[in-house]
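Structural features, examined
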Amino acid sequence: MWTKTKFTKLLGIDLPIIQGPFGGKLSSVELTSMVSNAGGLGSYGGQPYDTREIIEISKSIRERTSKPFNLNLWVNDRDDAIKEFDQTAFQEVIKIFQPYFQELGIEPPTFPLPQSPKFEDQIEAVFEIKPAVFSFVFGIPSEAILEKCRQLGIITIGTATTLDEAIAIENAGVDAVVATGFDAGGHRVSFLEQPEESLVGTFSLIPQVADAVKIPLIAAGGIADARGVKAAMALGADAVQIGTAFLATRQSGTSQIHREKLFSKDARYTTLTRVYTGRLSRGIKNRLTEELKEFQNSFAPYPLQGKIVGKLGAYPANSESNPELKSFWAGQAAPLLQHHDAELLITAIIAEMER
């Protein structure tokens, strides 16, 4: 049976299907709880929230499901270059975006930019909530944090973009590993090398990791239907993490314009860019990604870059802003999308897997 794997046994769940955790306030309580109630593992991206908000969100999820769910955080939550990013550097970045601010008739942000939540504070919410699963990207938490998770009975899942990262995650004592290929939407979450040097395709990465690690392996990137699930499991995956296909459903926290983009011909054309956050990520090509290609190494460090383009209405939640300036995260499998409802997506995958 395709549902009986090391991963489903580890969590005691019915389906080896994880809903990808979306950052940028694109996760939703409705989607997380629905996927968990359907027998998979619902996930919530806690990256943009402070400790109090994460606790309140988790309580809301628990009101809707008694099944296991996953909280996700970013271990490395700010680029090293932020230490040297002063007002002079800030003004140089503003110069790049000044034509867009002028076009929209709005004032650019001023220095200093507001602070973002820190991982060392956010992790306290995980300890208080004690979700069944704590997953993380952009690195590996300290041994003290992993040990406390073990003491609290929290299963940990790390995310790797290369074989070396997967081995490092297993060696750290993490319970399971997501192997995410460069075809995935959203951020490239590399931590041992630069993301541009860590661009391994999902279906090249999975068998390499399967041969090298013993902990449960979760495949992510380029999986949007049962064909992707079958392929991933044939190559050694114990579960799959599906992002874009769940993001496109009505239950996700994204905007209607983002959903429409994911089902449009535009979704055939994705690109890797740093323009929206300062970190390499995959989304649908548009005017901003194409016009600013030559400035990839001139943007502000994470998370400051996002605060600059955010003023342009770059994020999907701002439905009134110019679509040509928006970030529409999407994986390379977006043209395969068929389902606007998450429950129908899961039902279709189950039916095809069992046929």
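Everything below is about the structure printed above this text.
First, a word on scope: everything that follows refers to the structure included in this document. Note that residues are indexed from 1 along each chain, following the sequence as it is written. Local features in a predicted model are, by the rule used here, given only for residues with pLDDT of at least 70; side-chain atom pairs are given and counted only at 80 or more, and totals for whole chains, interfaces and linings are based on all residues. The side-chain values count all of the structure's non-hydrogen atoms but skip hydrogen atoms and water molecules.

The subject of this paragraph is the overall build of the protein. The secondary structure listing takes helices from DSSP runs of H or I that are at least 4 residues long and strands from runs of E that are at least 2 residues long, numbered from the N terminus. Each helix and strand in the protein was counted, giving 14 helices and 11 strands. The C-alpha atoms of the protein give a radius of gyration of 19 Å, which matches the 20 Å a tight globule of 355 residues would have. Based on the C-alpha atoms only, the size of the protein along its principal axes is roughly 60 × 45 × 40 Å. Put simply, the protein has 355 residues, and 57% of those count as buried. The contact criterion used throughout is that any non-hydrogen atoms of two residues lie within 4.5 Å. Taking the contacts inside the protein whose residues are at least 6 apart along the sequence as the reference set, 67% of them involve residues at least 24 apart. Computed with a 1.4 Å probe, the accessible areas rest on the Shrake-Rupley method; for each residue, only the protein chains presented here act as cover. Split by element, the accessible area of the protein, about 14,800 Å² in all, is 49% carbon and sulfur. In this charge count, Lys and Arg are treated as positive and Asp and Glu as negative; neither His nor the chain ends contribute. A charged residue contributes its charge at one atom only: NZ of Lys, CZ of Arg, CG of Asp or CD of Glu. Here the protein contributes 35 positive and 42 negative side-chain charges, whose respective centroids are spaced 4 Å apart. Both definitions apply: the radius of gyration is a C-alpha atom measure, and the globule rule equals 2.2 Å times residues to the power 0.38. We call a residue buried when its accessible area falls under 20% of the maximum for its residue type, exposed when it is over 50%, and partly exposed in between, using a 1.4 Å probe and counting protein chains only.

A few words now on the packing of helix α5 (residues 119-129) against helix α6 (residues 143-152). Where α5 contacts α6, the axes come no closer than 11 Å and their chain directions differ by 10°. As far as their axial angle goes, α6 and α5 are roughly parallel. Along the contact surface, α5 presents F119, I123 and F127, while α6 presents I145, K148, C149 and L152. Classification used: nonpolar for Ala, Val, Leu, Ile, Met, Phe, Trp, Tyr, Cys and Pro, charged for Asp, Glu, Lys and Arg, polar for all others including Gly. Looking at the contact of α5 with α6 residue by residue, the class counts come to 6 nonpolar, no polar and 1 charged. Axis definition: a line fit to C-alpha positions, over the contact stretch in the case of helices; interaxial angles, taken between N-to-C directions, run 0 to 180 degrees. An angle below 35 degrees is read as roughly parallel, one above 145 as roughly antiparallel, one from 65 to 115 as roughly perpendicular, and any other as oblique.

Next up on the list: the pairing of strand β3 (residues 69-74). Of all 6 residues in β3, 6 are buried; the element is thus mostly enclosed. Of the two faces of β3, the one holding F69, L71 and L73 and the one holding N70, N72 and W74 are both buried throughout. By the convention used here, strands pair only if DSSP detects at least 2 bridges between them. As paired strands, β3 and strand β4 (residues 133-137) are joined by 5 bridges and run parallel to one another. Its bridge partner being in β4, N72 is matched across the sheet by S135.

Let's shift gears to the nonpolar core. Ranked by internal contacts, the top residues of the largest apolar core, which has 92 residues, are F97, F134, V177, F246 and I308. Ranked by residue count, the leading element in this core is helix α4 (residues 87-104), at 7 residues. Those residues within four positions of F97 in sequence are excluded, and the remaining contacts are V275, L292, F299, Q305, I308, V309 and L312. We define a nonpolar core as any set of buried Ala, Val, Leu, Ile, Met, Phe, Trp, Tyr and Cys residues linked to one another through side-chain atoms lying within 4.5 Å. L11, I13, L41 and I157 belong to the second-largest nonpolar core, a separate cluster that totals 13 residues.

Attention shifts here to unusual backbone geometry. Here F111 and P112 are connected by a cis peptide whose omega angle stands at 0°. In this structure, P112 sits in the loop between α4 and α5. Residues Y302 and P303 are joined by a peptide bond in cis, for which omega reads 5°. Note on placement: P303 falls in the loop between α12 (287-291) and α13 (304-310). In the Ramachandran plot, K25 falls in the positive-phi region, its phi being about 65° despite a non-glycine side chain. With respect to the helices and strands, the residue K25 is situated in the loop between β1 (17-19) and α2 (29-37). Not every positive phi belongs to a glycine, and K130 is a case in point at roughly 55°.

This part covers helix α9 (residues 226-234). Residues separated by three or four positions in an α-helix point in the same direction, a consequence of the helix having 3.6 residues per turn. Among the residues making up α9, those that are buried are A226, G228, V229, A232 and M233. Relative to the axis of α9, the buried residues are bounded by an arc of 155° and lie together on one face. Exposed residues on α9 whose side chains face more than 90 degrees from its buried face are R227 and A234. Buried residues in α9 make contact with α8 (202-212), β8 (217-220), β9 (239-242) and α14 (342-354). G236 occupies a position one or two residues after α9 and carries a positive phi of about 120°. Picture the helix axis, draw a direction to every C-beta atom, and the arc is the one those directions span.

What follows is about the packing of aromatic side chains. Side-chain rings of Phe, Tyr and Trp (the six-membered ring for Trp) are treated as a pair once their centres are within 6.5 Å; stacked means planes under 30 degrees apart, edge-to-face means over 60, and tilted covers the remaining angles. Per the counting criterion, the structure on display carries 8 aromatic pairs. Ring geometry for F97 and F299: centres 5.8 Å apart, planes at 45°, overall tilted. Taken together, the residues F97 in helix α4 and F299 in the loop between α12 and α13 connect sequence positions 202 residues apart. Neither F97 nor F299 differs from the other in exposure class; each is buried. The structure contains a cluster of three or more aromatic residues connected by ring pairs, namely W74, F138 and Y302. Over the aromatic face of F138 sits the side chain of R279, whose NZ or CZ is 4.4 Å from the ring centroid. Here, a charge over a ring is recorded when the distance from Lys NZ or Arg CZ to the ring centre is within 6 Å and its angle to the ring normal is within 35 degrees.

With that settled, the discussion passes to the pattern of salt bridges. Definition used for salt bridges: Asp or Glu carboxyl oxygen within 4 Å of a side-chain nitrogen of Lys or Arg. Inspection of every chain in the model, using the stated rule, returns 16 salt bridges. Among the salt bridges present, the one from E147 reaches R150, with a minimum N-O distance of 3.1 Å. Of the two residues, E147 and R150 are both situated in helix α6; the distance of 3 residues between them amounts to about one turn of the helix. For R150, a relative accessible area of 36% puts it in the partly exposed group.

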